Amino acid sequence: MTTKDDRFRLLWERLGTYEQEMIDLQRELVCRNAVGPEQGGPGEWDKAAFLMGVLTGWGLKVDNYPAPDELAVGGQRPNLVAMLPGKKPEKVWVLSHLDVVPSGDESLWRSDPFTLRVDGDRLYGRGTEDNHHGIVTSMMAVKAFLDLNYTPERTVALALVSDEETGSLRGLAHLLKEQRELFSERDLIIVPDAGSPDSTLIEVAEKGILWLRLTLTGQQGHASKPQLAKNTLRACAHVIVALEELRREFPRQNPLFQPPESTFEPTQKEANVPNVNTIPGRDVFYLDCRVLPDYELARVKERITDMAREVAARFGVTLEVEPVQELPSAPPTDPEAPVVMALKRAIREVYGREGTPRGIGGGTVAAFFRQVGLPAAVWMTVSDTAHQPNEFCLLSNLLGDARVLAHVFLAED
Ligand SMILES: [Zn+2]
């Protein structure tokens, strides 16, 4: 009889012997360019086929749930689910994504984005952090169980999905729509796709996103004869100042978030007239609003429209408000949910730090789980280089995070 502590100690030690394997797996993943077809890439099939080979080679059952996509090779995008049966049918999911973003300006890279470069603890290459980190840590944790011949408490399910970087409709959203029965409210769901460098951020909630374009239309004229014009830039400035009132209209605070309140930022301003001595008759600017789950985006949009129109009217200017992006926030995962508690215990054990459930300002793929009532937590230890040139992840974080996942796979509740 071995105790849970003994088993975790042996898993910890075993994972410590996998460093070269982690590097090798990263190398195989980096060289398989999986930029999505929408972004001009070859898609995820090469990477999916490789991983399917590795996982079935380990004796795991792997299913593919392809999603139709006319742009993709063969008209489909792969979505793999690999299972390691546990003592209980309830699952612990780790969802990672196969696709990567394009390399961007290659002159900013110090080495080929699709060839792994190892420099000390750093593993460089497109996708190493986003999201091979999740693929490697979850696979290595599973491999430690297989090598030690341990059965996890819950069935471990690794989901390796497509299309995360371009909306998830052919990835997780497809899986949840077509294979909803795979998932249960009692499952633990971990999405290793965001976090903090000190391993303590457990993301459980997100603000709604509302991006608006505001177009003011007046009357262009000569700057020496303002009485014949309707100056949209002046109106625009007054509208922006008036919208400061939004903070008082939607004042609620939620300590899960940083900052704790909704935010309403004027951001982009399109060019108007090209010369100094013309009064502009058309101005366009944008608002980026991040709204607490407490408020409905439609209500916020309505207030913005009313307030802005009223001010514009004072200057004889009309105003049009159009949504650029509207993503309502999903219901938050309970900060005391079993998946959060299991992660907190594991983070404490492995890193000696306290994990903190928090909300973030933007959307993550976990919202698709939360939208259908599945409590998901987003967690990993990041280097914050996702989507950047010279993206890297730390080998030490791969090892630490694989140990955290192994700890969760042993969790009894
Ligand atoms: Zn990602």
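Reading the values: rules and limits
- Residues numbered from 1 in each chain as written.
- Predicted model: local features only at pLDDT ≥ 70, side-chain atom pairs only at ≥ 80, totals over all residues.
- Heavy atoms only, no water.
- 1 Å grid on protein atoms, 1.4 Å probe; cavity = no way out; pocket = protein on both sides within 12 Å on 5 of 7 lines; lining within 4 Å.
- Points joined across faces, edges and corners; volume = space filled by probe spheres on them.
- Nonpolar A, V, L, I, M, F, W, Y, C, P; charged D, E, K, R; others polar.
- Helix = DSSP H or I, 4+ residues; strand = E, 2+ residues; numbered from the N terminus.
- Buried < 20%, exposed > 50% of the residue type's maximum accessible area, 1.4 Å probe, protein only.
- Polar contact = N/O pair within 3.5 Å; in protein donor to acceptor, adjacent residues only side chain to side chain.
- Contact = heavy atoms within 4.5 Å.
- Pairing = 2+ DSSP bridges.
- Axes fitted to C-alpha atoms, helices over the stretch in contact; angles between N-to-C directions.
- Phe/Tyr/Trp six-rings, centres within 6.5 Å; stacked < 30°, edge-to-face > 60°.

Bringing the layout of surface pockets into the picture now. Considering only enclosed or pocket space, the largest pocket measures out at about 840 Å³ in volume. If you go around the largest pocket, you meet 37 residues; those closest to its centre are Glu164, Gly362, Gly363, Thr364 and Val365. Considered class by class, the residues forming the lining of the largest pocket number 16 nonpolar, ten polar and eleven charged.

Our focus in this paragraph is empty space enclosed by the protein. A complete count under the given rule lists one cavity of 30 Å³ or more for this structure. Estimates place the volume of the largest cavity at around 50 Å³. Considering the residues around the largest cavity, the lining is formed by Ile240, Leu243, Glu244, Leu246, Phe264, Pro266 and Leu287. Split into classes, the residues belonging to the lining of the largest cavity amount to six nonpolar, no polar and one charged.

All right, on to the side chain of Asp163 then. Summarising the element assignment, Asp163 is placed in the loop between β8 (154-161) and α5 (172-178). Residue classification places Asp163 among the buried residues on the basis of a relative accessible area of 0%. Polar contacts involving the side chain of Asp163 include one to the side chain of Thr166, which spans 2.5 Å. Apart from residues lying up to four places away in sequence, Asp163 is in contact with Glu38, Glu44, Arg77, Asp99, Ser168, Leu169, Arg170 and Gly171.

This next bit is on the sheet that holds strand β16 (residues 318-327). Read across the sheet, four strands follow the order β13-β15-β11-β16 without closing on themselves; strand pairing throughout is antiparallel. Every other strand in the sheet has two partners, leaving β13 (263-269) and β16 as the edge strands with one partner each. The average undirected angle you get between the axes of adjacent strands in this sheet is 25°. Where β13 meets strand β15 (residues 282-291), five bridges bridge the pair, whose relative direction is antiparallel. Following the sheet pairing, Glu265 is matched in β15 by Asp288. Lying over the sheet, helix α6 (residues 232-242) contacts β11 (208-217), β13, β15 and β16, oriented at roughly 15° with respect to β15. Across the sheet, helix α8 (residues 297-314) is in contact with β11, β13, β15 and β16; its angle to β11 comes to roughly 20°.

Looking now at the packing of aromatic side chains. Throughout the structure, instances matching the rule amount to eight aromatic pairs. Ring plane angle 80° and centroid distance 6.4 Å describe the contact between Phe145 and Tyr150, whose orientation is recorded as edge-to-face. The exposure classification of Phe145 matches that of Tyr150, with both residues buried. Judged by centre distance (5.6 Å) and plane angle (65°), the ring pair of Phe183 and Phe369 falls under edge-to-face. Taken together, the positions of Phe183 in the loop between α5 and β9 (188-191) and Phe369 in helix α10 (residues 366-371) put the pair 186 residues apart, joining distant regions of the chain. Assessed through its relative accessible area of 4%, Phe183 is described here as buried. Cluster of aromatic residues (ring-pair linked, three or more members): Trp93, Phe183 and Phe369.

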